[in-house]
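The primary structure of each chain is shown beneath.
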Amino acid sequence: FTNDYYMAIYETTQKQMLNLTGVRGTIEFADAEDADIMPADAVAWGSLTDSAHDSLSHYNSWNVTTRGQGVRSLSSTRSYIAKARAKTGLQLDLPTAAQWEFAARAGSGSLNHNDKDHLSLGEIAWYDENSGGTVHPVGKKVPNAWGIYDVQGNVYEWVLDWKVSSYQYSDFEIDPPGPDRDDAYHVEARGGRYSAATNLCTLVSLSSRWVNSAPATGYGFRFWLKAMVP
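First things first, this report covers the structure right here in the doc. Everything numeric here is computed off the predicted structure, so don't read it as measured data.

Let's talk about the overall build of the protein
Each helix and strand counted, the protein has four helices and six strands in total. Ordered by position from the N terminus, the helices and strands of the protein form the series β-α-α-α-α-β-β-β-β-β. In terms of overall size, the protein behaves like a compact globule, its C-alpha atoms giving a radius of gyration of 16 Å where 230 residues would be expected to give roughly 17 Å. Considered along the principal axes of its C-alpha atoms, the protein spans approximately 45 × 45 × 40 Å. A total of 230 residues make up the protein; the buried ones form 53% of that total. Sequence-distant contacts, at least 24 apart, represent 66% of the contacts inside the protein between residues at least 6 apart. Accessible surface computed for the protein: about 10400 Å², of which carbon and sulfur atoms make up 52%. Computed over 19 positive and 27 negative side-chain charges, the separation of the two mean positions in the protein equals 5 Å.

Comments concerning empty space enclosed by the protein
All told, the structure shown has one cavity of 30 Å³ or more when counted by the stated rule. The computed volume of the largest cavity comes to approximately 50 Å³. What lines the largest cavity is a set of 14 residues, among which Ala44, Trp45, Trp158, Arg209 and Ser213 lie closest to the centre. Of the residues that constitute the lining of the largest cavity, the class distribution is eleven nonpolar, two polar and one charged.

What about unusual backbone geometry?
Positive phi outside glycine occurs at Ala106, with the angle close to 50°. With respect to the secondary-structure elements, Ala106 resides in the loop between helix H3 (97–105) and helix H4 (121–124). The class of Ala106 is buried, set by a relative accessible area of 11%. For Tyr185, which is not a glycine, the phi torsion comes out positive at approximately 60°. Within the element layout of this structure, Tyr185 appears in the loop between strand E2 (156–162) and strand E3 (186–190). With relative accessibility at 28%, the residue Tyr185 sits in the partly exposed group.

Let's talk about the nonpolar core
Formed by 26 residues in total, the largest nonpolar core has its most connected members in Val43, Trp45, Leu56, Leu94, Trp158 and Phe221. In this structure, Leu56 is in contact with Val43, Ala44, Trp45, Ser79, Tyr80, Ile81, Leu94, Trp158 and Phe221, ignoring residues within four places of it in sequence. Residues Ala103, Ile148, Val159 and Leu203 belong to the second largest nonpolar core, which totals eleven residues.

Considering the side chain of Ser79
Within the secondary structure, Ser79 sits in the loop between helix H1 (14–21) and helix H2 (80–88). There is a polar contact of 2.7 Å between the side chain of Ser79 and the backbone oxygen of Leu56. Each residue touching Ser79, except ones within four places of it in the same chain, is listed here: Ser55, Leu56, Ser57, His58 and Leu74.

About the criteria used
Residues numbered from 1 in each chain as written. Predicted model: local features only at pLDDT ≥ 70, side-chain atom pairs only at ≥ 80, totals over all residues. Heavy atoms only, no water. Helix = DSSP H or I, 4+ residues; strand = E, 2+ residues; numbered from the N terminus. Rg over C-alpha atoms; globule rule 2.2 N^0.38 Å. Buried < 20%, exposed > 50% of the residue type's maximum accessible area, 1.4 Å probe, protein only. Contact = heavy atoms within 4.5 Å. Areas by Shrake-Rupley, 256 points an atom, 1.4 Å probe, with all protein chains shown as cover. Lys, Arg positive; Asp, Glu negative; His and termini not counted. Charge placed at Lys NZ, Arg CZ, Asp CG, Glu CD. 1 Å grid on protein atoms, 1.4 Å probe; cavity = no way out; pocket = protein on both sides within 12 Å on 5 of 7 lines; lining within 4 Å. Points joined across faces, edges and corners; volume = space filled by probe spheres on them. Nonpolar A, V, L, I, M, F, W, Y, C, P; charged D, E, K, R; others polar. Core = buried A, V, L, I, M, F, W, Y, C linked by side-chain atoms within 4.5 Å. Polar contact = N/O pair within 3.5 Å; in protein donor to acceptor, adjacent residues only side chain to side chain.

Right, dumping it as structure tokens:
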């Protein structure tokens, strides 16, 4: 990567979403006992029309003409990222898939961040065998080697990339950009969720949804921020 960047150590919580955007970002779990520190679990990525639902990247595709991570233009009233920028004064965004995986791996070469599997998946992630069918407060499992929690399980985390099966990140050695656009308008989410099986909660696991899809339980995100150079 030619630019350093920060990624939030926690998945964005319901309370953070409420403070930054005015909504909790959940469908099922707003009244849970620990709702404030549970991840916002039903957040939509974007939309194809200006009249569609509010979302992270409202009516702003990630393609060759709109690239500009952290500075791309977003709807000030309907984009959750734009609202967060206005509240914080920071040019927040989503990570690309390559940035997400690099941070999630924290140097690990295995399918999990648990240092060659000396920890069980249940010690690092909420998934179908230990979640009890619900999301859980962030930061309760063992973090990866760089102190980032819940990169596996709990909720899928949106990234900027379109989902294109033929795209190979290995073809790019510097700043893997992701595809210009998927012809089917599907966008990518990483890491698995609380209801997913073991094989769907790895560092290479991904899900995808049509960009115009309304919010659905199990999809959250964590913020990305370009590092400032002194």
